[in-house]
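# Descriptive analysis of the structure
Chain by chain, the residues:
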Amino acid sequence: MPSPPPAPTDATPPLLGPQLRQLALQLAAVLAVLTLAWPYYGVRNEQLPWPQTALAIGGVALVLAGLTRQAWWWRVIHALFAPLAWAASTLAIDPGWYLLLFTGLLLVYRGALGGQIPLYLSNLPTATAIAECAAEFPEMRFLDLGAGIGSVVRPLARLRPDAHFTGVENAPATWLVGRLRTAGLANCDWRWGDMWRTDTATHNVVYAFLSPAPMAALWKKLEREMQPGSVFVSNSFAVPEVAAERVIEVDDGRQTRLYCYRL
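A few words now on the overall build of the chain. Each helix and strand counted, the chain has nine helices and seven strands in total. Evaluated residue by residue, the chain yields a buried proportion of 42% over its 263 residues. Of the contacts made within the chain by residues no fewer than 6 positions apart, 65% connect residues no fewer than 24 positions apart. Counting every atom, the chain has about 14300 Å² of accessible surface; 65% of that belongs to carbon and sulfur.

In the structure shown here, the tally under the stated rule is nine aromatic pairs. For the pair phenylalanine 142 and phenylalanine 165, a centre-to-centre distance of 5.5 Å together with 50° between the ring planes defines the contact as tilted. Separated by 23 residues along the polypeptide, phenylalanine 142 in strand 1 (residues 141–145) and phenylalanine 165 in strand 2 (residues 164–169) bring together distant segments of the chain. You can call phenylalanine 165 buried: its relative accessible area is 0%. A ring pair is formed by phenylalanine 232 and tyrosine 261, whose centres lie 6.1 Å apart and whose planes are at 25°; its orientation type is stacked. Of this pair, phenylalanine 232 sits in strand 5 (residues 231–235) while tyrosine 261 sits in strand 7 (residues 257–262), placing them 29 residues apart in sequence.

Bringing the pattern of salt bridges into the picture now. Tallying each qualifying case throughout the model produces eight salt bridges. A salt bridge links arginine 44 to glutamate 46; the shortest N-O distance between them is 3.2 Å. Residue classification places arginine 44 among the partly exposed positions, given a relative accessible area of 44%. Overall, glutamate 46 belongs to the partly exposed group, its relative accessible area being 37%. A salt bridge links glutamate 136 to arginine 262; its shortest N-O distance comes to 3.0 Å. Taken together, the residues span a long stretch of sequence, with glutamate 136 in the loop between helix 6 (124–133) and strand 1 and arginine 262 in strand 7 at a distance of 126 residues.

The next thing to look at is the confidence of the model for the chain. One rule of thumb: low pLDDT means the predicted coordinates there are not for detailed reading. On average, residues of the chain carry a pLDDT of 82, and 83% of them reach 70 or more. Under a pLDDT of 50 for its full length, residues 1–16 has, in the predicted model, 39 contacts with residues more than four places off or in other chains.

The rules behind the values
- Residues numbered from 1 in each chain as written.
- Predicted model: local features only at pLDDT ≥ 70, side-chain atom pairs only at ≥ 80, totals over all residues.
- Heavy atoms only, no water.
- Helix = DSSP H or I, 4+ residues; strand = E, 2+ residues; numbered from the N terminus.
- Buried < 20%, exposed > 50% of the residue type's maximum accessible area, 1.4 Å probe, protein only.
- Contact = heavy atoms within 4.5 Å.
- Areas by Shrake-Rupley, 256 points an atom, 1.4 Å probe, with all protein chains shown as cover.
- Phe/Tyr/Trp six-rings, centres within 6.5 Å; stacked < 30°, edge-to-face > 60°.
- Salt bridge = Lys/Arg side-chain N within 4 Å of Asp/Glu carboxyl O.
- pLDDT = per-residue confidence, 0-100.

Structure, rendered in structure tokens:
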């Protein structure tokens, strides 16, 4: 899911701020290395040694990522980006394949580009645990923000035919798969949309499996919109500085943890 649109509230994170910062960091590493390397090799009338230059850019990017306290995965990405880009350039692969790969990734992982939210797939034990957590709502109106391919909405809709379920997704490929998987369920509404523009007020149970990045802003949105007594369930990622009313340990392979919050 992409980042929330600009709004007059301190709960709104800056649009594409983190992505632009990472891009700026990588460009700073490139400029730092080339500013020194090009004049040096130019004076010596020698060609720039691109393998060594790419490794130097990766090293400088790693140092900058460490100095700016980036998460460990960003440090790995910054260290490997330039060397891998150089290695790929030596393979003489037709540019059309890169475009095809980028398009495919965008269709599936659009949320990672816009809001640091990768595609996570939930499992049946998690859906069963959510059903138990929401058993107190005889007329449950369930909303899955960033519903992926319907891996929670679909089994829940079958477990609770008395309830109504809504899944919201905006990555084209995953939305299409989820639409096909939920097409035959009368109590399931599968929507194309941005979770930040989705009104949560009419739902008494909201579920999300996102990432640490949007949790604080999402909680403030839910506090503004959801009715008192409603429940928010977050898979794996706790809301910062907010105590969960209940934490459910799911007995599955990855030891899923569900954080349940009462509005």
